[in-house]
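Descriptive analysis of the structure
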Amino acid sequence: MGNNNETLATDFIFLGFSSLAELQRLLLGVLLLYLVTLSMNTTIMIIIWADQSLHTPMYFFLCVLSFSETCYTFVIVPKMLVDLIAEKKTISVLGCAVQMYFFLFLGCSHSFLLAAMGYDRCVAICHPLHYNRILTWRVCAQLVVASALSGFLVAQVVTPLIFCLPFHTSRKLNHFFCDISPVLRVAFTPTNLSEAISFTLGISVLTIPLMLILISYYVVLAILQIPSAAGRHKAFSTCSAHLIVVIVHYGCASIIYLRPDSSYSSDQDALISVTYTILTPLLNPMIYSLRNKDVKMALQKAIRKNVLSQKVFQ
């Protein structure tokens, strides 16, 4: 490429948060959130794995969700922490492609996993007597594998499509990680192609799983038909955690990926991205598991057992 304004880029430069003067406080805050997120998700996985009473489809999906969230933050947050203290906030083209690949793989898998969890709640409320017969371990594993394959296919198609494009010599990304829109903005690509990629991704990864969740939530009608107030309350509390996670996840992602290119705002995107890359993985175990009576009882039992074993060996 002999053009002066066109080259095969060797490094991208992150500009996200570069306008913030007090980066040290931000670094400390992000680091604390990251450590809390890791510890909470790890705790959830250990408790579900160790307690036999939690070996049910619902908690199997929660364990997979926690594992997915842990990997998801690991793709973005460590590099972000390094860049907050580094003078030169760069990433190679290969590194950027790898980060985008795993971000798409885990993020898209997460969307379809939420759809699978919606189906789980639907069966639990509408067919409680046949729950274990419908959601066998084989079916649960198939749903998780299908979610992972969906994320894999999206990442496998979108990432090479973007990185086969030529890039400007100015490779400054107004973001803190290699998301689709910032990378496309430093590539030589027609606006309609950029919008087509984002729109297609949004339809396949956001709209389809969300439609599946909405279809599953005909359980709302079942909730209204439950005669006892206690039964309705239990059914609603079963769904409420999933609905909160769905609203946060799909709400943030829809603002970024299902809007016209003309309304693009790098500052807004960076702020929203912080929500679903750092805050959402922290909120999910709190909303979904630690407020759950069974999980809290299992956690208390594990703590008592650990304390008792320490007294025995003293």
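For the structure given in this document, a descriptive report is provided here. (Residues numbered from 1 in each chain as written. Predicted model: local features only at pLDDT ≥ 70, side-chain atom pairs only at ≥ 80, totals over all residues. Heavy atoms only, no water.)

Enumeration according to the criterion identifies one disulfide in this entry. With its sulfur 2.0 Å from that of its partner, Cys96 forms a disulfide with Cys178. The S-S bond linking Cys96 to Cys178 shows a torsion near -125°; that makes this disulfide left-handed. Of the two residues, Cys96 is situated in helix α3 (residues 93–126) and Cys178 in the loop between β5 (172–173) and α6 (180–185); the sequence distance between them amounts to 82 residues. (Disulfide = S-S within 2.5 Å. Helix = DSSP H or I, 4+ residues; strand = E, 2+ residues; numbered from the N terminus.)

What follows deals with the pattern of salt bridges. All told, the structure shown has three salt bridges when counted by the stated rule. For Lys301, the salt bridge is made with Asp51, and the minimal N-O distance between the two is 3.2 Å. Of the two residues, Lys301 sits in helix α11 (residues 293–313) while Asp51 sits in the loop between α1 (23–50) and α2 (57–85), which places them 250 residues apart along the sequence. (Salt bridge = Lys/Arg side-chain N within 4 Å of Asp/Glu carboxyl O.)

This paragraph deals with the packing of aromatic side chains. Evaluated as defined, the whole model comprises nine aromatic pairs. Aromatic pair Phe60 and Trp137: ring centres 5.7 Å apart, planes at 90°, arrangement edge-to-face. Within this pair, whereas Phe60 is found in helix α2, its partner Trp137 is found in helix α5 (residues 137–163), the two being separated by 77 residues in sequence. Relative accessible area serves as the criterion here: at 26%, Phe60 is assigned to the partly exposed category. Judged by centre distance (6.0 Å) and plane angle (55°), the rings of Phe163 and Phe167 are tilted. Of the two residues, Phe163 and Phe167, neither departs from the other in class, the shared state being buried. Taken together, Tyr72, Phe103, Phe176 and Phe177 form an aromatic cluster joined through their ring pairs. (Phe/Tyr/Trp six-rings, centres within 6.5 Å; stacked < 30°, edge-to-face > 60°. Buried < 20%, exposed > 50% of the residue type's maximum accessible area, 1.4 Å probe, protein only.)

Let us now look at the nonpolar core. Counting 83 residues, the largest nonpolar core has Phe163 and Ile180 as its most contacted members. Considering each element in turn, this core owes the most residues, 17 residues, to α3. Excluding its chain neighbours within four sequence positions, the residues that come into contact with Ile180 are Met100, Leu104, Val158, Ile162, Ile197, Ser198, Leu201 and Tyr257. (Core = buried A, V, L, I, M, F, W, Y, C linked by side-chain atoms within 4.5 Å. Contact = heavy atoms within 4.5 Å.)

As a packed pair, α2 and α3 sit with axes 10 Å apart at the nearest point and diverge in direction by 160°. Judged by the angle between their axes, α2 and α3 are roughly antiparallel. Along this stretch, α2 crosses α3, giving a crossing that reads as left-handed. In terms of residue class, the contact of α2 with α3 is made up of 16 nonpolar, four polar and four charged. (Axes fitted to C-alpha atoms, helices over the stretch in contact; angles between N-to-C directions. Parallel < 35°, antiparallel > 145°, perpendicular 65-115°, else oblique. Left-handed = near helix turned anticlockwise from the far one by under 90°. Nonpolar A, V, L, I, M, F, W, Y, C, P; charged D, E, K, R; others polar.)

Read these as geometric descriptors, not functional statements.
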